[in-house]
Amino acid sequence: MPNLSGKIVLVTGANRGIGAALVHQLLSAGVAKVYAAARNPAALPDFGDARVQALQLDITDEASVAAAARAAGDIDVLINNAGVAAAGDVLDSDLDVLQRDMDTNYYGTIRAARAFAPIVPDQTGVIVNVVSVVGLTSAPGMAGYSASKAALQSFTQSLRYSLKPRGVAVLGVYPGPIDTDMARDLPWDKATPESAAKAIVEGIEAGETHIFPDPTARNIEQLWLRDGRALDAALSQRAEALEEA
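How each quantity is defined
Residues numbered from 1 in each chain as written. Predicted model: local features only at pLDDT ≥ 70, side-chain atom pairs only at ≥ 80, totals over all residues. Heavy atoms only, no water. Helix = DSSP H or I, 4+ residues; strand = E, 2+ residues; numbered from the N terminus. Buried < 20%, exposed > 50% of the residue type's maximum accessible area, 1.4 Å probe, protein only. Contact = heavy atoms within 4.5 Å. Axes fitted to C-alpha atoms, helices over the stretch in contact; angles between N-to-C directions. Parallel < 35°, antiparallel > 145°, perpendicular 65-115°, else oblique. Left-handed = near helix turned anticlockwise from the far one by under 90°. Nonpolar A, V, L, I, M, F, W, Y, C, P; charged D, E, K, R; others polar. Expected span 1.5 Å × (residues − 1). Arc of directions from axis to C-beta. Pairing = 2+ DSSP bridges. Right-handed = clockwise from strand over helix to strand, strands pointing away.

### Observations concerning the overall build of the protein
Link 1 in the chain: Assigned secondary structure in the protein consists of seven helices and seven strands.
Link 2 in the chain: Written out in order from the N terminus, the α and β elements of the protein read β-α-β-β-α-β-α-β-α-β-α-β-α-α.
Link 3 in the chain: Taking all 245 residues of the protein together, 49% fall into the buried category.
Link 4 in the chain: Sequence-distant contacts in the protein: of pairs separated by 6 or more residues, those separated by 24 or more amount to 67%.

As structure tokens, this is what we get:
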């Protein structure tokens, strides 16, 4: 896996949370340019670095994705970070809420990957999908989000196989709870976006196929590696304990 120094990287969902922290971490890693992509570029923070180029990108809109691919036709690395999350049970959540999770987290990532896969270079190109630990086991109370991330996990595996002949690396990132707006109401211990971004960039440079960027994620990784059914049971028990507290 090539060093990120001198590379050109696009980060989706760069306006806050892990996305904004990734832009800062990539700059520290010595990239040549970062496309900081967001649905509304005016919402991007001031990164204070001329290497950052704002890019309008709504991954739920085919025309927006196509325009972004034309504007950022020189990238080496695509980091698919944009996503949404809604709380709700599988039986009582509105279908349009479940569909929003799926259309953004799953179909939106597919749109971006399809648009930029022909652009990233053979042998040295990298596509990184920010999945989630709930892509490996469902989180009670986040039915739509969990389903969309499980679908994204499957897509990440398929994409890895599809791009292998070109030598393009496809990496999955599996964060646990991170202290972002998206996870504000979750009653879990949370890592900072900055520490997660640092671990993600280090994992990309190390060529890690599966990146677990925080302590909770790494604990879940060990359960997942030993027995996925035990992981399902542990998460369900944790949710029940929180409901009773």
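Continuing now.
### Points about the packing of helix 3 (residues 95–116) against helix 4 (residues 143–163)
Link 1 in the chain: Where helix 3 contacts helix 4, the two axes come as close as 7 Å, and the packing angle between them is 20 degrees. Taken as axis vectors, helix 3 and helix 4 run roughly parallel relative to one another. You can see that helix 3 and helix 4 cross each other, and the crossing is right-handed. Taken together, the residues of helix 4 that come into contact with helix 3 (itself represented by Leu98, Asp101, Met102, Asn105, Tyr106, Thr109, Ile110 and Ala113) are Gly144, Tyr145, Ala147, Ser148, Lys149, Ala151, Leu152, Phe155 and Leu159.
Link 2 in the chain: Taken together, the residues of the contact of helix 3 with helix 4 break down into 11 nonpolar, four polar and two charged.

### Topic: helix 5 (residues 193–206)
Link 1 in the chain: Taking 1.5 Å of rise per residue, 14 residues should cover 20 Å, and helix 5 covers 20 Å from first to last C-alpha, within 8% of that figure.
Link 2 in the chain: For helix 5, every residue scored as buried is listed here: Pro193, Ala196, Ala197, Ile200, Val201, Gly203 and Ile204. End-on view of helix 5: buried residues confined to an arc of 160 degrees, all on one side of the axis. Turned more than 90 degrees from where helix 5 packs its buried face, Glu194 and Ala206 sit exposed.

### What to know about the pairing of strand 5 (residues 126–130)
Successive side chains on a regular strand alternate, one facing one side of the sheet and the next facing the other.
Link 1 in the chain: Counted residue by residue, strand 5 has five buried out of five residues, so it is predominantly covered.
Link 2 in the chain: Every second residue of strand 5 is oriented toward a common face, with Val126, Val128 and Val130 on one face and Ile127 and Asn129 on the other, all of them buried.
Link 3 in the chain: Relative to strand 5, strand 4 (residues 77–80) is paired through four bridges, and the arrangement is parallel. Considered in strand 5, the bridge of Ile79 is made with Val128.
Link 4 in the chain: The handedness of the strand 4 to strand 5 crossover, carried by helix 3, is right-handed.
Link 5 in the chain: As paired strands, strand 5 and strand 6 (residues 169–173) are joined by five bridges and run parallel to one another. Bridging across to strand 6, Val130 finds its partner in Val173.
Link 6 in the chain: Taken together, strand 5, helix 4 and strand 6 constitute a β-α-β crossover, and its handedness is right-handed.

### Points about the sheet that holds strand 1 (residues 8–11)
Link 1 in the chain: Pairing is parallel across the open sheet formed by seven strands, whose spatial order is 3-2-1-4-5-6-7. Each having just a single partner strand, strand 3 (52–56) and strand 7 (210–211) make up the two edges of the open sheet.

### Let's talk about unusual backbone geometry
Link 1 in the chain: Its identity as a non-glycine residue notwithstanding, Gln123 has a phi of 75 degrees, on the positive side.
Link 2 in the chain: Position of Gln123 among the secondary structure elements: in the loop between helix 3 and strand 5.
Link 3 in the chain: On the basis of relative accessibility, which here comes to 58%, the residue Gln123 falls in the exposed class.

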